[in-house]
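Structural features, examined
So you can see what is in the structure, the chains are spelled out below.
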Amino acid sequence: MQMCSQITNKEDARSLSAMEQYERRRQVVRAHERGAKKVQIARELGLSYTAVCLIITRYVNQGADALLPHKRGRRAGEGRALSSEQEVQLQEMIKAKKPRQLQLDFPEWNRPAVAELITKHLGVQMHIRSVTNYLKRWNIVVERAEPRPQHGRLTVAAVPAVLTVPTAPLVVSVAEPASVEESPT
């Protein structure tokens, strides 16, 4: 007995722009309102049956606004391990004091020192990569150790990277929008 699988060329809608997805949803609703069956709509538009059912259900329950494009994923600042108040507190501690003044066994600020500071003062265990992300967000630069020759090759010294802490707050300048001049035609 030979089994034959039907190969379909369904397009992954996630690769479409928000407006293309919106137009596809509107096509589903129009076809549904004309009386087309869900299977037929899915086949004609290259969508899965499940996607068609979800679009129609959302439209019936929530109206036309449910078809509108919306932002996906996390919002800025959502799901972080530290609150904004904790972030400010840490930045002030790093700018004002050296690690030894805060009873940390590090001569200078580096990523492991910041991770230990977070653990010690806030009780939050944080991966070193997350510490790096926070430091970038705070505009604190990690300086790499100077390379030094070892057996004819340049290698990074075993000394951990040192943080450069800005003394003045970061000032962001806002450029004035350029005026659009009319061109003679």
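Here, every reference points to the structure presented above.
Let me begin by describing the structure that accompanies this report.

Here is what the cut-offs are and how they apply
- Residues numbered from 1 in each chain as written.
- Predicted model: local features only at pLDDT ≥ 70, side-chain atom pairs only at ≥ 80, totals over all residues.
- Heavy atoms only, no water.
- Helix = DSSP H or I, 4+ residues; strand = E, 2+ residues; numbered from the N terminus.
- Buried < 20%, exposed > 50% of the residue type's maximum accessible area, 1.4 Å probe, protein only.
- Contact = heavy atoms within 4.5 Å.
- Areas by Shrake-Rupley, 256 points an atom, 1.4 Å probe, with all protein chains shown as cover.
- Phe/Tyr/Trp six-rings, centres within 6.5 Å; stacked < 30°, edge-to-face > 60°.
- Lys NZ or Arg CZ within 6 Å of the ring centre and 35° of its normal.
- Expected span 1.5 Å × (residues − 1).
- Polar contact = N/O pair within 3.5 Å; in protein donor to acceptor, adjacent residues only side chain to side chain.
- Core = buried A, V, L, I, M, F, W, Y, C linked by side-chain atoms within 4.5 Å.

Considerations on the overall build of the chain
- Check the secondary structure of the chain and you find 6 helices and 4 strands.
- Starting at the N terminus and ending at the C terminus, the chain contains elements arranged as α-α-α-α-α-α-β-β-β-β.
- In the chain, which comprises 185 residues, the share counted as buried stands at 26%.
- Intrachain contacts of the chain at a sequence separation of at least 6 include 41% that bridge at least 24 residues.
- Per element, the accessible surface of the chain, about 14300 Å² overall, is 52% carbon and sulfur.

A look at the packing of aromatic side chains
- This structure, assessed with the given rule, holds 1 aromatic pair.
- With centroids separated by 5.7 Å and ring planes inclined at 50 degrees, the aromatic side chains of Tyr 134 and Trp 138 adopt a geometry described as tilted.
- Tyr 134 sits in the buried class, given a relative accessible area of 5%.
- For Trp 138, a relative accessible area of 7% translates into the label buried.
- The ring of Tyr 134 is capped by Arg 137, whose NZ or CZ atom sits 4.8 Å from the centre of that ring.

Observations regarding unusual backbone geometry
- Unusually for a residue other than glycine, Gln 103 sits at a positive phi of about 60 degrees.
- Relative to the assigned elements, Gln 103 resides in the loop between helix H4 (84-96) and helix H5 (111-122).
- Of note in the backbone geometry, Asn 139 takes a positive phi value of approximately 65 degrees without being a glycine.
- On the secondary structure map, Asn 139 appears in the loop between helix H6 (128-137) and strand E1 (141-143).
- For Asn 139, a relative accessible area of 32% corresponds to the partly exposed category.

A closer look at the environment of Gln 103
- Residue Gln 103 is classed as exposed on the basis of its relative accessible area of 58%.
- A C-alpha to C-alpha distance of 9.6 Å links Gln 103 and Lys 120, two positions 17 residues apart in sequence.

Some points on H5
- Taking 1.5 Å of rise per residue, 12 residues should cover 16 Å, and H5 covers 16 Å from first to last C-alpha, within 8% of that figure.
- Here H5 starts with a cap whose side-chain oxygen sits 2.8 Å from the backbone nitrogen of Ala 113, and that cap is Asn 110.

What about the nonpolar core?
- Membership of the largest hydrophobic core comes to 21 residues, with the highest contact counts inside it found for Leu 82, Leu 90, Trp 109, Leu 117 and Ile 118.
- Secondary-structure elements contributing two or more residues to this core are H4, H5 and H6.
- Here this core takes 6 residues from H5, the largest share from any one element.

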